[in-house]
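This is what each chain is made of:
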Amino acid sequence: MAMWKEFSRSYLARNPAAGRTVAAAALAAAFFLSLVIGLFYNLWVYEMERIIREEGGWQARVTVPADGPAPEELLKALTDFANVESAALADPTPEGEAVIELTFRRRGRIYADLALIRQALDLPEEAVQAHELLLSRYLVSDPQDPDPPLLLPFLLAVVGAVALALVLLIRNAFAITMQSRLHQFGILSSVGAPPRQLRVCLLQEAAVLALIPLAAGTALGLAGCAGVLAAVNAAAADLAGRQDAVFRLHPLVVAGALGAALVTVLVSAWLPAFRLSRMPPLQALQDGAGPQADRVRRGGGLLGLAFGVRGELAGCALRQSRRALRVATLSLLLSFLGFTAML
């Protein structure tokens, strides 16, 4: 607590601009993550409702031929399997066949259980059918299928790419604020403060500064998701046979969006905090005193030729921040790819 009072609270009180920078980065991260996660969830719900409406909500079904065993006996035998949650007779087919529709408690074991059902009840392979399209939306696919559906994994990869882009982008905001405190880090390290204590204190700062912006950004992102769905419904109002998308919000979605944003911010803060906390005290004291004259190379290249002294200064600044510019470029590229992939 004393470390927090002397090291963090006093610094934030004297440098409100640094706190505003971190808060803005956290707000942006929460907004974009909650927007993408909200759109992903509503897209998943819309697709599930469409499949159930068009094909039914069964997860597997057993077809009993007209000259086969009695459907009632088969129905009782199927309900004895531990993973079978429900078994019900559907409408008979025109060929006189009876169809038993099944749902399961553990969807991940469906294909293994269907193989056991075929073997235990001595049924032909074509008599047992899994609802592959519906199960693929639960990320359950046939292990024997050489070409499983990849739409849902692709969308999850897009969400991961967006989160990675935000980590790289927000990291720069934390790195800038932490870099300005190198001299203070060097003093604390020289008097015995361990690197772990410095990292914990910096993460506490990030959590305190980002808590309210994370909540506000999550709310704004989910509101933006509702706005996007309303705009899509308005644009596609003239399409025949289309079902309007209804904005759905689950508590787990809110918790997931908020948790993902918090993890993103903490990882973004931990990366520069880990590097700076391991810096030797003498190096931190030297670097914290400001850029040394022998480190600045003269000449700004084309910028110097075009704009004179101001161009040279700009060229030197760009050379000194090459790594940050590469990270920013990569994060913007990932953000653009994630946005176009979601579209």
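Along each chain, residue indices are assigned from 1 in the same order as the chain's sequence is written. In keeping with the model being predicted, local features are shown solely for residues with a pLDDT of at least 70 and side-chain atom pairs are shown and tallied solely at 80 or more, while totals for entire chains, interfaces and linings include all residues. Side-chain numbers here rest on the full set of heavy atoms in the structure, without hydrogens or water.

All right, on to helix 4 (residues 110-121) then. The way it works is that DSSP assigns letters per residue, a run of H or I at least four long becomes a helix, a run of E at least two long becomes a strand, and they are numbered from the N terminus. How far a helix is expected to stretch is found by multiplying one less than its residue total by 1.5 Å. The first and last C-alpha atoms of helix 4 sit 16 Å apart over twelve residues, in line with the 16 Å expected at 1.5 Å per residue. All of the buried residues along helix 4 are Ile110, Tyr111, Asp113, Leu114 and Ile117. When helix 4 is viewed along its axis, its buried side chains cluster within an angular range of 160° and face the same direction. Exposed side of helix 4, more than 90 degrees from the buried face: Gln119 and Ala120 are the residues found there. Any residue under 20% of the maximum accessible area for its type is buried, any over 50% is exposed, and the rest in between are partly exposed; the area is computed with a 1.4 Å probe on protein chains only. Throughout, the arc means that of the directions going from the helix axis to the C-beta atoms.

Bringing the confidence of the model for the protein chain into the picture now. Of the residues in the protein chain, 69% reach a pLDDT of 70 or more, and the chain-wide mean stands at 77. Confidence of the predictor at the level of single residues is given by pLDDT, which spans 0 to 100. Taking the mean pLDDT of every element in the protein chain, the minimum, 57, falls on helix 10 (residues 281-288) and the maximum, 90, on strand 4 (residues 128-130). Any two residues having at least one pair of non-hydrogen atoms within 4.5 Å are treated as being in contact. Contacts from residues 288-296, a stretch scored under 50 in pLDDT, to residues over four places away or in other chains number eight contacts.

All right, on to the pattern of salt bridges then. Once the charged atoms of two side chains with opposite charge are near each other, the side chains can pair. Salt bridge, as used here: a side-chain nitrogen of Lys or Arg that lies within 4 Å of a carboxyl oxygen of Asp or Glu. On inspection of all chains with the given rule, the structure shows five salt bridges. Here Arg137 ties to Glu47 by a salt bridge, and the two come within 3.2 Å at their closest N and O atoms. One end of the pair, Arg137, is in the loop between helix 5 (132-136) and helix 6 (151-179); the other, Glu47, is in helix 2 (residues 16-55), and 90 residues separate them in sequence. We note that Arg137, like Glu47, is buried. Of the charged contacts, one joins Arg248 and Glu49 as a salt bridge, the two residues approaching to 2.7 Å between their closest N and O atoms. In this pair, Arg248 sits in the loop between helix 8 (195-235) and helix 9 (251-277) while Glu49 sits in helix 2, placing the two residues 199 residues apart along the sequence. Connected through shared salt-bridge partners, Glu47, Arg50, Glu54 and Arg137 make up one network.

On to the packing of helix 2 against helix 8. Relative orientation and spacing of two packed helices are given, respectively, by the angle between their axes and the distance between those axes. Across the interface, helix 2 lies against helix 8 with an axial gap of 6 Å and an inter-helix angle of 35°. With respect to the hand of their crossing, helix 2 and helix 8 are arranged in right-handed fashion. Polar here means any residue other than Ala, Val, Leu, Ile, Met, Phe, Trp, Tyr, Cys and Pro, which are nonpolar, and Asp, Glu, Lys and Arg, which are charged; Gly is therefore polar. For the contact of helix 2 with helix 8, the class distribution of residues is 18 nonpolar, eight polar and no charged. To obtain each axis, a line is fitted to C-alpha atoms, and for helices this fit is confined to the stretch in contact; angles are then taken between N-to-C directions over 0 to 180 degrees. Handedness of a crossing follows from how the near helix is turned relative to the far one, being left-handed for an anticlockwise turn of less than a right angle and right-handed for a clockwise one.

Okay, a nonpolar patch on the surface next. Grouping into patches uses exposed residues only, defined as over 30% relative accessible area, and leaves out salt-bridged ones; the cut-off is 9 Å for like charges and 5 Å for nonpolar side chains (Val, Leu, Ile, Met, Phe, Trp, Tyr). Here, Shrake-Rupley sampling with a 1.4 Å probe gives the accessible areas, and only protein chains in the shown set may cover a residue. A cluster of nonpolar side chains, Val263, Val267, Trp270 and Leu271, forms an exposed patch at the surface whose accessible area comes to about 310 Å². Note on placement: Trp270 falls in helix 9. Overall, the relative accessible area of 37% leaves Trp270 in the partly exposed class.

Here we take up the side chain of Thr103. Within the fold, Thr103 resides in strand 3 (residues 98-104). Here Ser86 takes part through its side chain, which lies 2.4 Å from a polar atom of the side chain of Thr103. Residues contacting Thr103, with those up to four places away along its chain left out, are Gly57, Gln59, Asn83, Val84, Glu85 and Ser86. Definition of a polar contact: a pair of N or O atoms within 3.5 Å, with one able to donate and the other able to accept a hydrogen when the atoms are protein atoms, and with sequence-neighbouring residues admitted only if both atoms are side-chain atoms.

It is worth spelling out the packing of aromatic side chains at this point. Two aromatic rings, taken as a pair, are described by how far apart their centres are and by the angle between their planes. Paired rings are identified among Phe, Tyr and Trp, the last through its six-membered ring, by centres lying within 6.5 Å, and are further divided according to the angle between planes into stacked (under 30 degrees), edge-to-face (over 60) and tilted (the rest). This model, assessed by the stated rule, comprises three aromatic pairs. Taking the centre distance of 5.2 Å and the plane angle of 75° together, the rings of Phe31 and Phe32 count as edge-to-face. Residue classification places Phe31 among the partly exposed positions, given a relative accessible area of 27%. Judged by centre distance (6.0 Å) and plane angle (80°), the rings of Trp44 and Tyr138 are edge-to-face. Note that Trp44 is positioned in helix 2 and Tyr138 in the loop between helix 5 and helix 6, a separation of 94 residues in sequence.

The next point concerns the nonpolar core. Among the nonpolar cores identified, the biggest contains 24 residues, and Leu166, Ile170, Phe174, Leu214 and Val265 are the most heavily contacted of them. Breaking this core down by element, the ones donating at least two residues are helix 2, helix 6, helix 8 and helix 9. Tallying contributions element by element places helix 2 first for this core, with ten residues. Filtering out sequence-adjacent residues up to four positions away, Val265 remains in contact with Ala26, Phe174, Ala210 and Leu214. Among buried residues, the Ala, Val, Leu, Ile, Met, Phe, Trp, Tyr and Cys ones that are joined through side-chain atoms within 4.5 Å form a nonpolar core. Membership of the second largest hydrophobic core comes to 22 residues, among which are Ala60, Val64, Val84 and Leu123.

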